[in-house]
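This is what each chain is made of:
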Amino acid sequence: MPKDYGIGASTKRREDIRFLSGLGNYTDDINVAGQSYAAFVRSTVAHGKIKKVATEAAKAMPGVLGVFTGEDFKDVGSNPAGWLIHSRDGSPMHEPKRPVLAYGKVRHVGDAYACVVAETLQQAKDAVQRIADESEIDELPAIVDMAQALANSANRVHDEMPGNQVFDWGWIEDNRAKTDEAFASAPHVTTLELVNNRLVPNAMEPRASIGEFNHGTGDWKLTTTSQNPHVTRILIAAFVLGIPENKLTVVAPDVGGGFGSKIYHYGEEATVLLAAKALRRPVKWVAERSESFMTDAHGRDHVTKIQLACDKQGNFIAFRTETMANVGAYLSNFAPVTPTFLHGTLMAGPYKVPNVYVNVKAVMTNTAPVDAYRGAGRPEATYSLERVIDKMCRELNLDPFEVRRKNFVTTDMFPYTTPVALVYDTGNYHATLDKAMELGDVAGFEKRRAESAKRGKLRGMGLSTWIEACGIAPSHLVGMLGSRVGLYDAATVRVNATGSISVMTGAHSHGQGHETVFAQIVADKLGIPDSSVEIVHGDTSKIPFGMGSYGSRSLAVCGSAMTRAVDKIIAKGKKIAAHMLEAAESDITFADGKFSVAGTDKAKTFGEIAFSAYVPHNYPLETLEPGLEETAFYDPANFTYPAGAYICEVEVDPDTGKVDICSFTCADDFGNVMNPMIVEGQVHGGVGQGIGQALLENTVYDENGQLLTGSYMDYAMPRADDVPFYTVDASCATPCTHNPLGVKGCGEAGAIGSPPAVVNAVIDALQRGGHKNVTHIDMPVSPARVWSAINA
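About the cut-offs
Each chain has its residues counted from 1, following the order in which its sequence is written. Reporting of local features is limited, given that this is a predicted model, to residues whose pLDDT is at least 70; pairs of side-chain atoms are given and counted only at 80 or more, and all residues count toward the totals for whole chains, interfaces and linings. The side-chain figures draw on all heavy atoms in the structure; neither hydrogens nor water molecules are used. Two strands are said to pair when DSSP picks up at least two bridges between them. Numbering of helices and strands runs from the N terminus, with a helix taken as a DSSP run of H or I at least four residues long and a strand as a DSSP run of E at least two residues long. Salt bridge, as applied in this entry: a Lys or Arg side-chain nitrogen positioned within 4 Å of an Asp or Glu carboxyl oxygen. Categorising residues by exposure relies on relative accessible area from a 1.4 Å probe, with only protein chains included: less than 20% of the type maximum marks a residue as buried, more than 50% marks it as exposed, and the intermediate range marks it as partly exposed. Note on method: axes are straight lines fitted to C-alpha atoms, helices fitted across the in-contact stretch only, with angles between N-to-C directions ranging 0 to 180 degrees. Contact between two residues is taken to exist if any of their heavy atoms lie within 4.5 Å; hydrogens are not considered. Working rule for handedness: look at the near helix, and if it is turned counterclockwise from the far one by less than a right angle, call the crossing left-handed; if clockwise, right-handed. Lys, Arg, Asp and Glu make up the charged group, whereas Ala, Val, Leu, Ile, Met, Phe, Trp, Tyr, Cys and Pro make up the nonpolar group; the residues left over, Gly among them, are polar.

Draft legend 1. Spatial organisation of the sheet that holds strand β4 (residues 105-106). An order of β4-β2-β6 is seen for the three strands of this open sheet, with the pairing classed as antiparallel. Looking at which strands have only one partner, the edges of the open sheet turn out to be β4 and β6 (136-139). Inspection of the sheet shows strand β2 (residues 48-52) paired to β4 by two bridges, in the antiparallel sense. By the bridge assignment for β4, Gly 48 is matched with Val 106.

Shown next as structure tokens:
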């Protein structure tokens, strides 16, 4: 029977009470005494030389407290990339400066080159308009197309670079010759060129920041919409402001979604801090939705040529890819790693393919920066693999289910080392495929297809079998690969005198349900009600350290640190109990919230031990310090590797090209599941975003670098009637072998496995409907694109 408490229970999210009742505390809800308001002057051209920033008239406008330009902050440090990637020839990547505010040149529409601070927001906006009207920018030819950006080195996004290519990365370079030989001798080669469309993250809450400076102490405070406050603090303190890290506190209160876009440090955060110091007033900024479209880090935007070598029976011999990855006008913090180590290392999929070679060219363009978006490199890899496999199956007239099945890594092969240097510790890909086929009623598909045909619709089924790497680690390895930070995490568990618990964790919750799940785990291990456990996060002054929440790492990394801290609490509790119960420490057991002497009825409750730790009247003071608080750091030994099989069924209207999703089935292996309800919700959300990418969402710039999809009038987000009721299962669990909870990661799975399942289903519908010439349609698979494909 399902558990009703602790680990494995579908406990309702405790944080939802305040969110659903309007009591959340978001950055825009916070108002500081003496607060002023900032607004930014943004470029309306994609590429141009700044000739004049007209500030004098704006400074004299009512309520204006100060105007700051890029020239004012010219000597401030640069916002760095978090990874250093080397090209195939061993040379380090090009890393142009990313200023707080643009000076000299603007490099994309929305690039901020001035900031106005005023008594009211409207006064600030009025002054911004005055500056924009009177400033002069000489427009330059925009660089939008990646192929043209590589071909024309004379027109450069950054003049200090020799061209527009950041790096030319190969993985693994030693595999290249062997892979080429495999292709040369292969009985069959399938080639597919595809686009992984650019996406705007569209978190419900726009970015916002409040900067404060205390002239008496020299302390800075930033309240901001961040997924990882400690990393933001490091970037701003060490690289931008050049101040001791302990002089800056970063607070991320409730955050309304992130999907990767709030991992990074943005110039607006440093600007409000610098302005607060200069004006001796707190400065608040909240983005409007149009600013979010123009300036939040976008996602995806790959152009890929992938090849699959196999024999005539569909046994995989090699994969080879060439990708151009758009990184936009500036290198965002994770931009170098997303198309490389988060993408190239997954190009073997869950398959026992012996040869893989990946080449990625990162390209700068006059568009918004591109960085990690839900899945971050893993969706791009999975989409390429699952599409080319389906295309090969059609070319050779093979069953796509059985081809994948016979190419899976089998359970007796774990731990399995891939040709792209990952070591899968555990999995059962056959089991998830079998479960998906059962739940998706693959056997009954033909009957459903015939019924659709009677209504003039074309029905198709698409499969995607995926794997991802979560909780990127260990630190020593990623350091060798170019990471400039460690990827461990930390937690402090503080037992209060009355037995209640405060857990300070480096993870940050912005929709994941940490406050519920983390409390479940601690309560389960200590045998106390989860209502006794408080989760504290998002404030660098309260948390020992933390790398934040992204890459499905929160439970596997932060949860493991928390578990280790609880283990330390129990170990100390045994020492206290041994003294109080006059027994040897080795005879003390702990279960169900009680410390007992083995084989006797002598016991003390957890609350009694906690009280004794703080009121040490009967306590081993000679050997043990009072108090009951422990901190643990956890650096994973490996990634975790969730995997699954997704089956999508669609109906296509051949007269209009409209695609309707009839059903979507997910069979996932997430290892041990802490809260099934929350896991299911994460999968629902991810699949919804994947469907959005596959059918609806697309970020479009014209040849002048103007953003044509800069609002919800032009950028199509998935709505309730665009998605079906999902069938979700996580019963095929193979626990992770190297973390104490046996967990993997679930936050990004839906967004990884769903796009190829949808597109495969659409192509299947068209093929079955007699349109054999249609072998691929790029995402989004819109009605116009489908109709055009049908009608050649």
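Draft legend 2. Focus on the pattern of salt bridges. Evaluated as defined, the whole model comprises 49 salt bridges. In this structure, the salt-bridge partner of Asp 180 is Arg 320, at a minimum N-O distance of 2.7 Å. Residue Asp 180 is found in helix α5 (residues 176-184), and its partner Arg 320 is found in strand β14 (residues 316-328); the two are separated by 140 residues along the sequence. By relative accessible area, which is 32% here, Asp 180 ends up partly exposed. The network of salt bridges with shared partners includes Asp 441, Arg 448, Glu 451, Arg 455, Arg 459, Glu 649 and Glu 651.

Draft legend 3. Here's a closer look at the sheet that holds strand β15 (residues 355-364). Pairing within the open sheet is mixed, and its five strands lie in the order β7-β15-β14-β13-β8. The sheet is open, and its two borders are formed by β7 (165-171) and β8 (188-196), each paired with just one other strand. Pairwise comparison of adjacent strand axes, ignoring direction, gives a mean angle of 10° for this sheet. Strand direction decides the pairing type here: β14 and β15, joined by 10 bridges, are parallel. Following the sheet pairing, Glu 322 is matched in β15 by Asn 359. The strands touched by helix α9 (residues 378-396) within the sheet are β8, β13 (302-310) and β14, with β8 carrying the most contacts at an inclination of about 140°.

Draft legend 4. Inspection of the packing of helix α6 (residues 229-241) against helix α7 (residues 267-279) at higher detail. For the pair α6 and α7, interaxial distance at closest approach is 11 Å and the crossing angle is 65°. The element α6 and its partner α7 pack so that their crossing is right-handed. Of α7, the residues touching α6 (which contributes Thr 232, Ile 236, Val 240 and Leu 241) are Glu 269, Ala 270, Leu 273 and Leu 274. A class-by-class count of the residues in the contact of α6 with α7 yields six nonpolar, one polar and one charged.

Draft legend 5. Inspection of unusual backbone geometry at higher detail. With an omega of -15°, the peptide bond between Trp 171 and Ile 172 qualifies as cis. Among the secondary structure elements, Ile 172 is positioned in the loop between β7 and α5. In the segment running from Met 779 into Pro 780, the intervening peptide bond is cis, with an omega of -5°. Counting through the fold element by element, Pro 780 comes out in the loop between α18 (749-768) and α19 (783-790). If you check the backbone angles, Arg 280 has positive phi at about 60° while not being a glycine. Tracing the sequence through the fold places Arg 280 in the loop between α7 and β12 (283-286). By relative accessible area, Arg 280 is classed as exposed at 58%. With a phi close to 55°, Asn 397 is a non-glycine residue in the positive phi region. Examined against the element boundaries, Asn 397 turns out to sit in the loop between α9 and α10 (400-407).

Honestly, it's all geometry; don't read function into it.
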